[in-house]
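Inside the fold
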Amino acid sequence: METPGLVSMTDGAQLRWTALGDTTRRPAVILLHGGPGLPDYLGVVAPMIADLAPVYRYDQRGTGRSPWRGTHSLARHVDDLAELLDAWDVSEAVLIGHSYGTDLASRFCLRHSDRVAAMMLMCGPFVGDWRTGYRAERSRRMSAAQQERLRALQELPLRTEEQEVELLTLAWFTDHADPERGWHWAAQEARRRRPVNWSMNGELGKEGRADPLDEHLADLRERLPARAELLCGAEDPRPASALESLALRLALPLTRIEGAGHEPWLEQPDAVRAHLRRFVQGAVGP
């Protein structure tokens, strides 16, 4: 049974969260969703490990059930996580981030390494010029008509609800190894993961490009917990070479889930469940 909650940040923002499992146990697992600008979507992942440790999730400010109107910064998002840990009385956490959540976890570790008991980075963070390869592979997985339609939708100054759903479906279906199931998942999530906070996405994306994580990897390597790993779907359109380079620079093991894309728990749930359970069991002990 999930436990819901609300925490007020020091700047007045209110973040909604949920916990699954025995919240008296420590350390706790924190799932960090991606985007940036999407609400939490990791509810399907939490039950895979909630019997091993309590699993906390939250909607980042400005998304889902955590409304916020104001500027966004990577530092503020790091502060949000620190304040949430305080509110949950979690001195040390097992961080499991996905996509942008891996960037958030990494930047949190840079500032609060003493609060990170272990860290799993799923499908990110990507370093170097990964976007060129990603765009090329995404285009390869789309028809010419789909590419043209996506460009047309992106250029609209305002979109209707159905146009927004169509845009997100086109943008996301190539993230999966299986294009037919990928289209189904993307269309489904295009209605669930709403609304997208595009201004948040733009602000954090701009800051991330101005201060890339690439430039902090030596420091991050020194601050990583003893248990830290990378996990990815082998069929993610984002180039595997980017994560291979990251694994070398951070001296971390990288596991590829065959037959899966950017959200490997959808296409290979058993493999992801087994990997996460092994990792969490090693992090929290018997």
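Here goes a summary of the coordinates provided. Since this is a predicted model, take the numbers as computed values, not measurements.

We now examine the overall build of the chain. Within the chain, the regular secondary structure consists of eleven helices and eight strands. Taken over the C-alpha trace, the chain has a radius of gyration of 18 Å; the compact-globule value for 286 residues is 19 Å, and the two agree within 12%. Dimensions of the chain along its principal axes, counting C-alpha atoms only, are 50 × 40 × 40 Å. Each of the 286 residues in the chain was classed as buried or not, and the buried ones make up 53%. Look at the contacts in the chain between residues 6 or more apart in sequence, and 73% of them connect residues 24 or more apart. Split by element, the accessible area of the chain, about 12,600 Å² in all, is 50% carbon and sulfur.

Okay, the pattern of salt bridges next. For the structure shown, the criterion picks out 30 salt bridges. With a shortest N-O distance of 2.7 Å, arginine 159 and glutamate 164 are connected by a salt bridge. Looking at arginine 159, the relative accessible area reads 26%, which means it is partly exposed. Taken together, the shared-partner salt bridges in this structure form one network comprising Asp11, Arg61, Arg76, Asp80 and Glu83.

All right, on to the environment of proline 67 then. Within the secondary structure, proline 67 sits in the loop between strand 4 (55–58) and helix 1 (74–87). Spatially, the C-alpha atom of proline 67 lies 7.8 Å from that of leucine 15, the residues being 52 residues apart in sequence. If sequence neighbours within four positions are ignored, proline 67 has contacts with Gln14 and Gly62.

A few words now on the side chain of histidine 176. Within the secondary structure, histidine 176 sits in the loop between helix 5 (161–172) and helix 6 (179–192). What makes histidine 176 buried here is its relative accessible area of 4%. Residues in contact with histidine 176, not counting those within four places in the same chain, are Arg141, Gly182, Trp185, Gly261, Glu263, Leu266 and Glu267.

What follows is about the packing of helix 5 against helix 6. Where helix 5 contacts helix 6, the two axes come as close as 8 Å, and the packing angle between them is 140°. Here helix 5 lies oblique to helix 6, going by the angle between them. In this structure, the crossing between helix 5 and helix 6 has a hand that is right-handed. Residue-level inspection shows Glu162, Val165, Leu168, Thr169, Leu170 and Trp172 of helix 5 in contact with helix 6, the latter providing Trp183, Ala186, Ala187, Glu189, Ala190 and Arg191. Tallied by class, residues from the contact of helix 5 with helix 6 come to eight nonpolar, one polar and three charged.

It is worth spelling out helix 2 (residues 100–111) at this point. Here helix 2 spans 17 Å end to end across twelve residues, near enough to the 16 Å set by a 1.5 Å rise per residue. Buried within helix 2 we find Tyr100, Gly101, Thr102, Asp103, Leu104, Ala105, Ser106, Arg107, Phe108, Cys109 and Leu110.

Turning our eyes to something else, we now look at the packing of aromatic side chains. Tallied over the full model, the rule gives eight aromatic pairs. Their ring planes at 50° and their centres at 5.7 Å tell us that tryptophan 17 and tyrosine 56 sit as a pair that is tilted. In this pair, tryptophan 17 sits in strand 2 (residues 14–20) while tyrosine 56 sits in strand 4, placing the two residues 39 residues apart along the sequence. In this pair, the class of tryptophan 17 matches that of tyrosine 56, namely buried. A network of ring pairs unites the aromatic residues Trp17, Tyr56, Tyr58 and Trp88 as a single cluster. Here the basic side chain of arginine 61 rests over the ring of tryptophan 68, its NZ or CZ set 4.5 Å away from the ring centre. A cation sits over an aromatic face here: arginine 193 above tyrosine 41, 4.1 Å from the ring centre.

Cut-offs and rules
Residues numbered from 1 in each chain as written. Predicted model: local features only at pLDDT ≥ 70, side-chain atom pairs only at ≥ 80, totals over all residues. Heavy atoms only, no water. Helix = DSSP H or I, 4+ residues; strand = E, 2+ residues; numbered from the N terminus. Rg over C-alpha atoms; globule rule 2.2 N^0.38 Å. Buried < 20%, exposed > 50% of the residue type's maximum accessible area, 1.4 Å probe, protein only. Contact = heavy atoms within 4.5 Å. Areas by Shrake-Rupley, 256 points an atom, 1.4 Å probe, with all protein chains shown as cover. Salt bridge = Lys/Arg side-chain N within 4 Å of Asp/Glu carboxyl O. Axes fitted to C-alpha atoms, helices over the stretch in contact; angles between N-to-C directions. Parallel < 35°, antiparallel > 145°, perpendicular 65-115°, else oblique. Left-handed = near helix turned anticlockwise from the far one by under 90°. Nonpolar A, V, L, I, M, F, W, Y, C, P; charged D, E, K, R; others polar. Expected span 1.5 Å × (residues − 1). Phe/Tyr/Trp six-rings, centres within 6.5 Å; stacked < 30°, edge-to-face > 60°. Lys NZ or Arg CZ within 6 Å of the ring centre and 35° of its normal.

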